[in-house]
Amino acid sequence: MSVVTNPVERLRARVGDALFMRVAGPGGYEARDRIHLTPGPRWFPPDSPIRLVHGDSATFVGGLRALLLQSLHPLAMAGVAGHSGYRGDPWGRLARTSTFLGYTTFATAEHAQEMVDRVRAVHARVRGKAPDGRTYRASDPHLLTWVHVAEADSFLTAHQRYGVRPLDPAEADEYVAQSGRVARALGAEDVPETVAELADRLASYRDELEATPAALDTARFLLREPPLPWSARAPYRLLAAGAVALLPDWARAELGVDTRFSRVLGGPAGGVAVRAVRWGMDGVSREGRRW
C-alpha cells in the first residue's frame with residue numbers, strides 16, 4: 001500500500017486497504033502481485049468480458065447473491081455446512097473464493113491451472129450425507145454445474161445492474177462462455193455458452209431447490225448477522241439489499257427474505273454502496289481492478 005499525503009486519499013487508501021484485506025486475506029497483496037506481475041500467457045486476454053466483470057466492485061453484490069442462490073440446493077448446502085467452516089471462518093472462506101477468482105481470471109495460465117488443481121484436490125475429499133439421507137460429493141459434476149450457473153448468473157446480473165460499463169449482448173454471451181471454461185476445468189458438465197443457455201440451465205435445477213434449515217441459517221447469517229464491526233454494517237446492509245433485490249422472486253420467497261427491504265434499498269441505495277466500495281477499492285487497485 002503506497003504512502004499518500006492528501007487527507008482524502010489517505011482515507012480512501014485506508015478504506016480500500018481494509019476492504020481488500022477482508023476480501024483477499026492476509027496474503028492478498030502478495031497474491032495480487034503474483035497474479036499480475038508474473039509474465040506469461042493468460043487464459044483470457046486483456047479487456048475481455050470476464051476480466052471486466054470480475055474486476056468490478058459489483059462482484060461484491062454478485063457474490064452475496066450467488067451464496068444465497070447456491071444455498072437453495074440441499075446437497076450443495078450440506079457440503080458447505082459440513083466442510084467449509086462457514087460460520088467459524090467466514091472471512092477465510094471469502095478470501096479463498098476471491099483468490100480463486102483472481103487467479104483463474106487474471107493470472108498466468110500455469111498459475112490458473114495450479115489453482116484449479118488445488119481446488120479439485122479439495123473437492124475430492126469433500127463428501128458426506130445430507131440431513132435427508134442423500135449422499136453428496138463436492139466433485140459431482142451436476143453439483144459443480146449448479147454452483148457455476150448460480151455464480152455466473154449472479155455476477156453477470158450484478159454487473160449489468162451496478163457495473164461501471166454493462167456488457168452488450170454479444171459480450172454477455174462471451175462472458176458466459178469464458179466463465180464456463182473455468183467451470184469445465186473444475187469438472188462441471190453441460191456448461192452453458194450463452195446467456196439464453198445460462199437461463200435454461202438455471203431453470204433446469206428449479207425442482208431440486210428448496211430452503212432447508214441450513215439454507216435459512218445461511219441467509220440469516222449473511223443478511224442479519226454478518227461478522228463485521230458496527231461501523232461497517234450500514235454499507236454492508238446496502239450491498240446485501242442489492243443482492244436480495246437481484247434474486248428471482250421465487251428464491252426470495254423460499255428464503256423468506258424481506259422483499260420490501262430489498263426493493264426499497266436494493267436499487268438506488270445498492271448502487272450507492274457499490275460506488276462507495278469502488279471508490280475505496282480503486283485506492284489500492286491495480287489498473288482500476290479489485291484484484
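Everything discussed here concerns the structure shown above.
Below: a short report on this structure.

Cut-offs and rules
- Residues numbered from 1 in each chain as written.
- Predicted model: local features only at pLDDT ≥ 70, side-chain atom pairs only at ≥ 80, totals over all residues.
- Heavy atoms only, no water.
- Helix = DSSP H or I, 4+ residues; strand = E, 2+ residues; numbered from the N terminus.
- Buried < 20%, exposed > 50% of the residue type's maximum accessible area, 1.4 Å probe, protein only.
- Areas by Shrake-Rupley, 256 points an atom, 1.4 Å probe, with all protein chains shown as cover.
- Salt bridge = Lys/Arg side-chain N within 4 Å of Asp/Glu carboxyl O.
- Phe/Tyr/Trp six-rings, centres within 6.5 Å; stacked < 30°, edge-to-face > 60°.
- Lys NZ or Arg CZ within 6 Å of the ring centre and 35° of its normal.
- Contact = heavy atoms within 4.5 Å.
- Polar contact = N/O pair within 3.5 Å; in protein donor to acceptor, adjacent residues only side chain to side chain.
- Core = buried A, V, L, I, M, F, W, Y, C linked by side-chain atoms within 4.5 Å.
- Axes fitted to C-alpha atoms, helices over the stretch in contact; angles between N-to-C directions.
- Parallel < 35°, antiparallel > 145°, perpendicular 65-115°, else oblique.
- Left-handed = near helix turned anticlockwise from the far one by under 90°.

A count of helical and extended segments in the protein chain gives 15 helices and two strands. Counting all 291 residues of the protein chain, 51% fall into the buried class. Here the protein chain displays about 13,500 Å² of accessible surface, and carbon together with sulfur accounts for 57% of that area.

Right, let's get into the pattern of salt bridges. As enumerated under the stated definition, the model contains eight salt bridges in all. D153 is the salt-bridge partner of R65, the closest N and O atoms lying 2.9 Å from each other. Here R65 is found in helix α4 (residues 59–70), whereas its partner D153 is found in helix α8 (residues 141–162), with 88 residues between them in sequence. Exposure class is identical for R65 and D153. Each is buried.

In this section: the packing of aromatic side chains. Here the structure, examined in full by the defined rule, presents two aromatic pairs. With a centroid separation of 6.5 Å and an interplanar angle of 85°, the aromatic rings of W43 and F44 are classed as edge-to-face. Owing to a relative accessible area of 11%, W43 belongs among the buried residues under this scheme. By relative accessible area, which is 3% here, F44 ends up buried. Here the aromatic rings of W146 and Y205 are separated by 5.3 Å at their centres, their planes lie at 45°, and the arrangement is tilted. One end of the pair, W146, is in helix α8; the other, Y205, is in the loop between α10 (195–204) and α11 (213–224), with 59 residues separating them in the sequence. On the basis of relative accessible area, Y205 is assigned to the buried category, the value being 0%. The cationic tip of R161 hangs over the ring face of Y162; the distance from NZ or CZ to the ring centre is 6.0 Å. Lying over the aromatic face of F44, R181 brings its terminal NZ or CZ to 5.9 Å of the ring centre.

Attention now moves to the environment of E208. Mapped onto the fold, E208 is located in the loop between α10 and α11. Residue class for E208 comes out partly exposed when judged on its relative accessible area of 29%. Sequence separation of E208 and L72 is 136 residues, and the distance between their C-alpha atoms is 8.5 Å. Beyond its immediate chain neighbours, meaning those up to four positions away, E208 contacts L72, H73, P74 and H142. Here the side chain of E208 touches H142 through a polar contact of 2.9 Å, side chain to side chain.

Below, the discussion takes up the environment of V244. One can find V244 in helix α12 (residues 230–246). Residue classification places V244 among the buried positions, given a relative accessible area of 0%. As for V244 and V257, which are separated by 13 residues in sequence, their C-alpha atoms are 7.6 Å apart.

Below, the discussion takes up the nonpolar core. Grouped together as the largest cluster of nonpolar side chains are 63 residues, with contacts concentrated most on L69, W146, Y175 and L255. When residues of this core are assigned to their parent elements, the largest contribution, nine residues, is made by α8. Those residues in contact with Y175 that sit more than four places away from it in its chain are P49, I50, V53, H54, A152, F155, L156 and L167.

Running from amino to carboxyl end, α4 crosses α11 at an angle of 160°, the nearest separation of the two axes being 9 Å. Regarding the angle of α4 to α11, the classification is roughly antiparallel. For the pair α4 and α11, the crossing hand works out as left-handed. On the side of α4, the interface is formed by L64, L67 and L68, while α11 contributes A219, L222 and L223.

Residue position: S139 is located in the loop between β2 (135–137) and α8. The class for S139 is partly exposed, based on a relative accessible area of 26%. When the C-alpha atoms of S139 and R125 are compared, they prove to be 8.5 Å apart, with 14 residues separating the residues in sequence.

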